[in-house]
Amino acid sequence: MADDIDDLLDECETKFFDSGKKPKQEPTTKLNSSLSSETGKTSRYKDRKPKSSHIKNADRDELHDMIQECMDDGPEIPELREQPTKSLSNSNTTDLSSARKRCVKVFLGGSKFAKGLCTGSEERVCDKLRCTSCDFNVVILNDYEWHKDCDYLFFRNNIPDFDKLISKLTRKRGCCAYACQCTWKSVVKLTELWSGDPQLKWVCGKHS
């Protein structure tokens, strides 16, 4: 019985393998032809020489020639000459001489005293006074003095119009009438500003 079963199995295996189909193999000729065609293409690509570098060199030479022609046809550029520099000593001297200066001491005085910039060696009556309170220049009237009934509103409304101020002025030789919009004073003697009347807010407004 066992031998019959073995024979039957052998017969089935034989039939099964005989009936199976073998896989088809592609012909080698087709593969060889494709390889030969690819080889031909690569050989043709190798035979081609790059032309881009040659074109770039030609364009560069042409551009260089055009630039050279433009430079040759353009206007001539004059040579720059060095200008002599001004000496610093001269410029500094000019600036110092033209600078505006203040009085060393501020003096008030009558009409007989010299007016101008007061230096350390020469005392003069300052004629460039300015009030720091009302921010007006001080009016100086030679050979006049103010009436005793002058008030703040009179100067506030009339400074610096002389035609209106004359109504409160009296002629007095050797005297000077000083006034801004907030303060007024009549002076005969040479008087230093701060020692004469500390209430006055007048300062030297600089001399040219």
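What you are looking at is a predicted structure, and each value in this text was computed from that prediction instead of being measured.

1. Some words on the sheet that holds strand 3 (residues 139-146)
Part 1: Taken in spatial order, the three strands of this open sheet run 3-4-5, and their pairing is antiparallel. Of all strands in the sheet, those with a lone pairing partner are strand 3 and strand 5 (184-187), marking the two edges. The mean inter-strand angle of the sheet, taken between neighbouring strand axes irrespective of direction, is 40°.

2. What about the pattern of salt bridges?
Opposite charge on two side chains lets them pair, provided their charged atoms get close.
Part 1: Per the counting criterion, the structure on display carries four salt bridges.
Part 2: The closest approach of N and O atoms between Lys172 and Glu145, which form a salt bridge, is 3.7 Å. With Lys172 in strand 4 (residues 169-179) and Glu145 in strand 3, this residue pair connects regions lying 27 residues apart in the sequence.
Part 3: Using a relative accessible area of 36% as the deciding quantity, one classes Lys172 as partly exposed.
Part 4: The closest approach of N and O atoms between Lys168 and Asp149, which form a salt bridge, is 3.4 Å. One end of the pair, Lys168, is in the loop between helix 6 (162-165) and strand 4; the other, Asp149, is in the loop between strand 3 and helix 5 (152-158), and 19 residues separate them in sequence.

3. Looking at the nonpolar core
Part 1: If you look at the biggest cluster of nonpolar residues, it comprises 19 residues, and the most contacted ones within it are Val106, Leu108, Leu129, Tyr178 and Trp202.
Part 2: Broken down by secondary-structure element, the contributors of at least two residues to this core are strand 1 (107-108), strand 2 (129-131), strand 4 and strand 7 (202-204).
Part 3: In this structure, Val106 is in contact with Cys126, Leu129, Thr191, Glu192, Leu193 and Cys204, ignoring residues within four places of it in sequence.
Part 4: Counting twelve residues, the second largest nonpolar core, distinct from the first, contains Leu141, Trp146, Cys150 and Leu165.

4. So, the packing of aromatic side chains
Part 1: By the definition in use, this model includes five aromatic pairs.
Part 2: Consider the rings of Trp146 and Phe155, whose centres lie 4.8 Å apart with planes at 85°: the pair is edge-to-face. Here the two residues Trp146 and Phe155 agree in accessibility, since each one is buried.
Part 3: Between Phe154 and Phe155, the ring centres sit 5.2 Å apart and the planes meet at 80°, which makes this aromatic pair edge-to-face.
Part 4: Phe155 sits in the buried class, given a relative accessible area of 0%.
Part 5: Linked through ring pairs, Trp146, Phe154, Phe155 and Trp184 together constitute an aromatic cluster.
Part 6: Here the basic side chain of Lys168 rests over the ring of Phe154, its NZ or CZ set 5.9 Å away from the ring centre.
Part 7: Sitting over the face of the ring of Tyr144, Arg171 holds its NZ or CZ atom 4.7 Å from the ring centroid.

5. Re the environment of Leu165
Part 1: In this structure, Leu165 sits in helix 6.
Part 2: The exposure class of Leu165 is buried, given its relative accessible area of 1%.
Part 3: With eleven residues separating them in the primary sequence, Leu165 and Phe154 have C-alpha atoms 8.3 Å apart.
Part 4: Beyond its immediate sequence surroundings of up to four residues, Leu165 is in contact with Trp146, Phe154, Phe155, Asn158, Ile159 and Pro160.

Criteria and cut-off values
Every chain's residues receive numbers from 1 upward, in the order its sequence appears when written. For a predicted model such as this one, the threshold for reporting local features is a pLDDT of at least 70, and the threshold for listing and counting side-chain atom pairs is 80 or more; totals across whole chains, interfaces and linings nevertheless cover every residue. Side-chain measures here rest on the full set of heavy atoms in the structure, leaving out hydrogens and waters. A pair of strands is considered paired only if DSSP assigns at least 2 bridges between the two. What counts as a helix is a DSSP run of H or I of at least four residues, what counts as a strand is a run of E of at least two, and both are numbered from the N terminus. Axis definition: a line fit to C-alpha positions, over the contact stretch in the case of helices; interaxial angles, taken between N-to-C directions, run 0 to 180 degrees. Here a salt bridge means any side-chain nitrogen of Lys or Arg lying within 4 Å of a carboxyl oxygen belonging to Asp or Glu. Exposure classes here rest on a 1.4 Å probe applied to the protein chains alone. A residue is buried below 20% of its type maximum, exposed above 50%, and partly exposed in between. To qualify as a nonpolar core, a set must consist of buried Ala, Val, Leu, Ile, Met, Phe, Trp, Tyr and Cys residues joined through side-chain atoms within 4.5 Å. Note on definitions: a residue-residue contact is assigned when non-hydrogen atoms from the two residues lie within 4.5 Å. Centres within 6.5 Å make a pair out of two Phe, Tyr or Trp rings, where for Trp the six-membered ring is used; the pair is then stacked when the planes are under 30 degrees apart, edge-to-face when over 60, and tilted otherwise. Only Lys NZ and Arg CZ are tested; either one counts as a charge over a ring when it is within 6 Å of the ring centre and within 35 degrees of the ring normal.

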